[in-house]
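Descriptive structure summary
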Amino acid sequence: MKKLAASLIGLVVVLTGISLAPQFLIDQNHLRERVTAVFQAQTGLELKMGETSFQLLPWPSFQATNVMLTRPGCSPFVVARSVHADMSLFALLNREVSFQDFTVDGAGVIVHRAREGQCSTWLPVLTQSQGEAASPPIAVAGRVHPRWKVSFGALHLKNATLSWQDDVPAGEVPFTGRIQITRLELDGMRSASPWVDMSGQSEHTVFTARGRIGPLARLLSAKAEQKGPWPFSLGMTLGSGPQQDHATLDGAMSDAHRLQGLAFTLEGHWASLKGLHRFFPQFLPVEIEQLDGTLRLHAVDVPHKVDAGLDKGADVALTDALLHVPERLRPDVIHLHLGHVLAPTGLQLRDVQLDADNGQAPLIVQSKAIWGRYAWRLNGEVQSLQQAVAAGLPDESAPVMVKMEVQGQDKTLASLFNQNEAEKSDAAQEHVSFALQGQMGRKGSMLDVSGQAGLLQLPDWGVFSGLLLHDMHLKGQLALGAIGEAGLPAVTARDVVLESQEIGGTATMTLPAPLGAAGLTGQIHLTHLDGTRFHYAPVMEFAGSAAEPSVPTLSLGAALKTVEPPAAAPSTESRSAGDRYVGAQYAGSHDREVEANPPGDNALGAAFTNVPGHDGPLARWLGAMAVQPVDVDFTADHLQTEAIEYQGLHLHLLGHEGHVVLSVLGGAVQTVPLSGEIVLDGSAAPLRMGMKADPLILPARWVQLALNQPVTVEGPIQLVGALGTEGAHPSDLLQAIEGQMGLSVVDGRIYREVLAPLAGPAARLLKLGDGTMGLRCAAGVVQFDHGQAHFGDMALEVKHLSVLGQGSMALADQSYTLQLMPHVSVIGADFSTPLLLEGKGGSVHIGTAGKDGVPALPPLDTAKFGDDACAYAVQQARAGRQGLPLPEREQDHGGGAGGILRALGLGGH
C-alpha cells in the first residue's frame, strides 16, 4: 500500500509538474509574439492579444483575453473579451491545430466592404481546411516554419455583436445593419452535416435559426472538391409570443463555395414584416402584414468566364457570390398571400394572392385596392411565370402578355356604419370598371385601356383629390418605352377619349423619362369642360394640400384687402416692356440661335432654387420646364369656369433651350376675342419674365389666389397691357417690374367687409356685414416704373357707393398712399369726403385730406370721370380693346319705404 500510495503521489506530482511546467518553462510573451508573427505570415492579418495562457493537462488548451484581428492599416474587424480553445494532443504531434471546442465570449464582428477595397472585411481569411494539400513552408524573422493545418470541431459564440456596412451598393447609399447574437452553437464542423443553433435579437426583435448544413469545407474552401449536392435545412423564427413569425428553408447547391446549382424552397408565415424591416430597411419600402405561403426558387448559374473573376480567395469568392444571389434568383412556384400592403403614397392592398403552379403556368394576381375612401377589386393574369420573369430582365427583349380587370366596389348603406373610418364615404361609387390588356417588357410596353363608371371618385391625386365624375367612359392606349438607367420608362398616352358630364375630349401625351432626355409633347382637345359641375367628396388627409407661393406678393393691408399689381425698377434699355420681354421674337425663339446653358444650370432653374416654398408645385413645374423641351397644344370648344364661359379656346405651351412661352392663340369670352402670352427666358442670366394681355379675361379669384391675396372680388377680370422684369432672385424680379397693365371687373361681386375703408365716414350709412353684393365695376390702370407702382383712373361702383381714386406704392417696403373720393347716395342725398389712405404691410391709416394732420396733396381730378365713372375707368383700363359689356347704372332710389330699404341695401343684393 505504501508503494502504491507513493506511486500515486509521484504520478500526481509529475502530472502537476507537467501541467505547471509550461507556465514557468515557456516565455508567454515570446510565444505570443511567435504566434502572432506566424499568424500574420500565414493569413495576412494582424493578431493582437492581451494575457495568454497555455496548458497541457488535463488536455492541451489555450486561453487569451482582449483579442483583436486587423488588416494592416485598418481598424479591427474582430474584437473579443476572451477566447478559449481545447486542442487535440495527437493532432499537435502531426503539425495540426485541431480545436475540439472553440469558445468566444463578448465578441464584436464588423463585416465591411470599403469603396477602395483595402479595408474590406467581408469574411476573415481562412487557413487551409480539411482535404487541402499542404502549402509550402513560410519564413518568419529569417527562420523557416512549416505550415500547420487548422481545423475546428465546434464553435461556440456568446454575447456577440455583428454589424455590417456596404459602402458600394447598387443605389450608392451605404447599407448598414446590426444584430446581437446571444448564442451561436456550431457543432460537428468536421462532419458531413454540421448542426447550427443560433439565437439573438435586433433592437427588440428576437430571432432564432436552427438546422443542418452541408460540409463546411466545401462552403468555405475554394479548393475543396465539390461532389454531390450540398444540402441545407433551417428553421427560423422572428419575434416571440403567439404572433411569432416562422419559416423553413430547404435546399441544396452543387457548388457550395460559388453558390452554383442553388435551388431552395421557402415556406412560412409572417404576421408582420416590421421586424424584418429592422434588418433590411432599404429593401422594404412598403409595410406588409400577414404574409404566408410557399416560394420555390432556383439561381441561374454564373457563366464560367464571369465566375473565374470570383476566385480571389476563400474570404472573397463566397461573399461575392452571396452579393450576386438576388439578381440570379428565378421563381419556379409561387403561392403567396399578403393580408395588407401599405405604400408610402397611401395606396393600400388587401388580400393579395399570387399563384403560379410552375414556370409555364400563368401567374394569377388578385387583390383589393383601397385609396382614400373607395375600394377596387383587382384580377390580373400574366401569360406565364417564366415569361413574366424574363420580361423584367435587362438582357431579355421578349414582352409578356398581361391583362387586368378593376371592378369598383359600390358603396352600400352598410358601409356607412363600418367601424373603419377610412372606408366610410360621403358619396357613392357606382358601377366602376376598368380593363387593361396588352404586352409589357423592359424594352417597351403597349397596353389598351378602357373603362366606365356611373359615378367615379378620383383618389388622392393632388388638386384632383376627391373629384367626382358622372357617367364616365374612357378608352385609349398606353405605350411605355424601354426602361433606362433611371428605372423609369417614357410614357405615351395615345388616342385617349374621355367622356363624362363634367369633362370630355381627346388627348395624346408623351412624358419622357428621365426629364430632359426628350421633349414633353401633347395635343389635348376638350369638347367640353364645365367647372360648375365639378364636385368633391372627402378622400383622406394628405400632406402638401396647399403649396406656399413661390414669389413675394403685394398687399394694401388687411383693412383695404384689395389686390394691386406690383411695380418695377428703372430700365437700362430704351425698348418698351412689351417689345423687350414679349412678342414675336420669343414666340419663335426655338428657331433662333440661342447659346443655352446646360440643363439645370440656366437662369430659370437657378432663380427658383432659393424661392421660399421652392419645393411646391409651381417651383417644381418651373424647374422641369428649364431642363427639357416642351410642346403642348391645348384646345377647348367649350370651357365653363365660375362666371366665365370660354369658346374655341386655344393655348400653346412651348419650351426650348431655357425659354418657356405660354401663348393664347385663340378663343373668346362672349364676343371678346382673347390674345396674349407669358414668357420666361432662362437661357442666360439674369432670368427674364414677361406677360402680354391683348386682352386676357380670367376669373378674378384665380388672379387673387395667384398673388397670394385674400379673395375680395369675384367675377371676370380683363387684363390689357404688358409687363416685364428680370433678376436673379424673386426680390429682384419684383423690384424690376416695368410696364403698364389695365385691370377691369364688370358685373361681379365684392365682399362687403372691404367697403368700409373705401367709404370713409359715410360707411355708417351703408349696410355692411358678411357676404357679397353686386359690383358694377372695379377698374384702374397700374404703371410700373423705377420701383414704384402708380395707380390711376381708379373707379369702383356698387349700388349706392362709388369710389374714385389714384395713388402709388413703393415696392421696396410696400408702403402706399391712396387718394380716394367716395360718393354715397342714400334717399336722394349725396355724401362725399376726400380721403387719404396711408399704410405699410398690414397697417392702414384713414384720414381726411387737409385735416387730422394729413397733408393736402394735389386734388384728384374727378371731372375727367364724367357722369359715369365706371364707363370712363373701364374704357381707360381696356385701352380701346373690346370688352365685356358694362351693366346699366341703377337709377337713384326715390322716396317710399321700398326705395329707402333698397338704398340701404336691405332689399335685394
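Along the backbone of the chain there are 17 helices and 43 strands. When contacts within the chain are restricted to residue pairs at least 6 apart in sequence, long-range pairs at least 24 apart make up 54% of them. Surface accessibility of the chain: about 45,300 Å² in total, with carbon and sulfur atoms responsible for 59%.

Linking two cysteines covalently through their sulfur atoms gives a disulfide. Inspection of every chain in the model, using the stated rule, returns 1 disulfide. With its sulfur 1.8 Å from that of its partner, Cys777 forms a disulfide with Cys870. The disulfide joining Cys777 to Cys870 has a torsion of about -85° about its S-S bond and is therefore left-handed. Here Cys777, found in strand β37 (residues 772-785), pairs with Cys870, found in helix α16 (residues 869-878); they are 93 residues apart in sequence, far enough to count as distant. The pair Cys777 / Cys870 is uniform in exposure class, with both members buried.

Here the focus is the environment of Gln740. Locating Gln740 in the fold gives a position in strand β36 (residues 738-751). Residue class for Gln740 comes out partly exposed when judged on its relative accessible area of 39%. On a C-alpha basis, the gap between Gln740 and Gly721 in space is 5.6 Å, while along the polypeptide they are 19 residues apart. Not counting the four nearest positions on each side in its chain, Gln740 is found in contact with Val720, Gly721, Ala722, Leu723, Val781, Val782 and Gln783.

Attention shifts here to the environment of Gln409. Tracing the backbone shows Gln409 in the loop between β21 (400-408) and β22 (433-440). Given a relative accessible area of 31%, Gln409 falls into the partly exposed group. Each C-alpha atom of the pair Gln409 and Ala375 lies 5.7 Å from the other, and the pair is 34 residues apart in sequence.

Looking now at the nonpolar core. With 80 residues, the main nonpolar core has Ile750, Leu775 and Leu796 as its most contacted residues. With 8 residues, the single largest contributor to this core is β37. The residues touching Ile750, leaving out its near neighbours within four places in the chain, are Thr712, Val713, Leu755, Gly771, Thr772, Met773, Leu775, Leu796 and Val798. Among the nonpolar cores identified, the runner-up in size contains 63 residues, and Phe102, Ile179, Leu238 and Leu336 belong to it.

With respect to the helices and strands, Ser199 occurs in strand β11 (residues 195-202). Setting aside residues no more than four positions away along its own chain, Ser199 makes contact with Ile181, Thr182, Arg183, Phe207 and Thr208.

This paragraph deals with the pairing of β36. The element β36 is extensively covered by neighbouring structure, given that 10 of its 14 residues are classed as buried. Judged from the 2 bridges that link them, strand β34 (residues 713-714) and β36 form a sheet pairing that is antiparallel. Note that in β36 the partner of Val713 across the bridge is Ile750. Here 8 bridges tie strand β35 (residues 716-727) to β36, and the two strands are oriented antiparallel to one another. Its bridge partner being in β36, Gly721 is matched across the sheet by Met741. Bridge analysis of β36 against β37 gives 12 bridges, and the strand direction is antiparallel. Residue pairing across strands places Tyr751 opposite Thr772, the latter belonging to β37.

Before going further, it helps to spend a moment on the side chain of Ser445. For Ser445, the position within the fold is in strand β23 (residues 445-457). Filtering out sequence-adjacent residues up to four positions away, Ser445 remains in contact with Gln439, Met440, Leu478, Ala479 and Leu480.

This part covers α16. Within α16, 7 of the 10 residues are buried, which leaves it mostly tucked inside the rest of the structure. When α16 is considered as a whole, its buried residues turn out to be Ala869, Cys870, Tyr872, Ala873, Val874, Ala877 and Arg878. Buried-residue contacts for α16 involve β35, β36, β37, β38 (788-797) and β39 (801-810). A distance of 3.2 Å separates the backbone nitrogen of Cys870 from a side-chain oxygen at the start of α16, and that oxygen is part of Asp868.

Glancing now at the packing of aromatic side chains. Remark: the centre distance and the inter-plane angle together describe each pair of aromatic rings, the angle taken between the planes. A full pass over the atoms with the stated rule returns 2 aromatic pairs. Ring plane angle 40° and centroid distance 6.2 Å describe the contact between Trp230 and Phe232, whose orientation is recorded as tilted. Each member of the pair Trp230 and Phe232 is classed as buried. Residues Phe865 and Tyr872 carry aromatic rings whose centres are separated by 5.2 Å and whose planes lie at 70° to one another, so their mutual orientation is edge-to-face. What makes Tyr872 buried here is its relative accessible area of 19%.

Further remarks concern the pattern of salt bridges. Tallying each qualifying case throughout the model produces 13 salt bridges. A salt bridge links Asp105 to Arg81; the shortest N-O distance between them is 3.5 Å. Placement of the pair is Asp105 in strand β5 (residues 96-113) and Arg81 in strand β4 (residues 78-87), with a sequence separation of 24 residues. For Asp105, a relative accessible area of 24% corresponds to the partly exposed category.

Pairing between strand β1 (residues 46-48) and strand β3 (residues 61-70): 3 bridges, direction antiparallel. The residue bridging Lys48 from the neighbouring strand is Met68, located in β3. Pairing between strand β2 (residues 52-55) and β3: 4 bridges, direction antiparallel. From the neighbouring strand, Thr52 faces β3, where its bridge partner is Ala64. Pairing of β3 with β4, which is carried by 8 bridges, proceeds in the antiparallel orientation. The partner of Val67 across the bridge, within β4, is Ala80.

About the cut-offs
Residues numbered from 1 in each chain as written. Predicted model: local features only at pLDDT ≥ 70, side-chain atom pairs only at ≥ 80, totals over all residues. Heavy atoms only, no water. Helix = DSSP H or I, 4+ residues; strand = E, 2+ residues; numbered from the N terminus. Contact = heavy atoms within 4.5 Å. Areas by Shrake-Rupley, 256 points an atom, 1.4 Å probe, with all protein chains shown as cover. Disulfide = S-S within 2.5 Å. Buried < 20%, exposed > 50% of the residue type's maximum accessible area, 1.4 Å probe, protein only. Core = buried A, V, L, I, M, F, W, Y, C linked by side-chain atoms within 4.5 Å. Pairing = 2+ DSSP bridges. Polar contact = N/O pair within 3.5 Å; in protein donor to acceptor, adjacent residues only side chain to side chain. Phe/Tyr/Trp six-rings, centres within 6.5 Å; stacked < 30°, edge-to-face > 60°. Salt bridge = Lys/Arg side-chain N within 4 Å of Asp/Glu carboxyl O.

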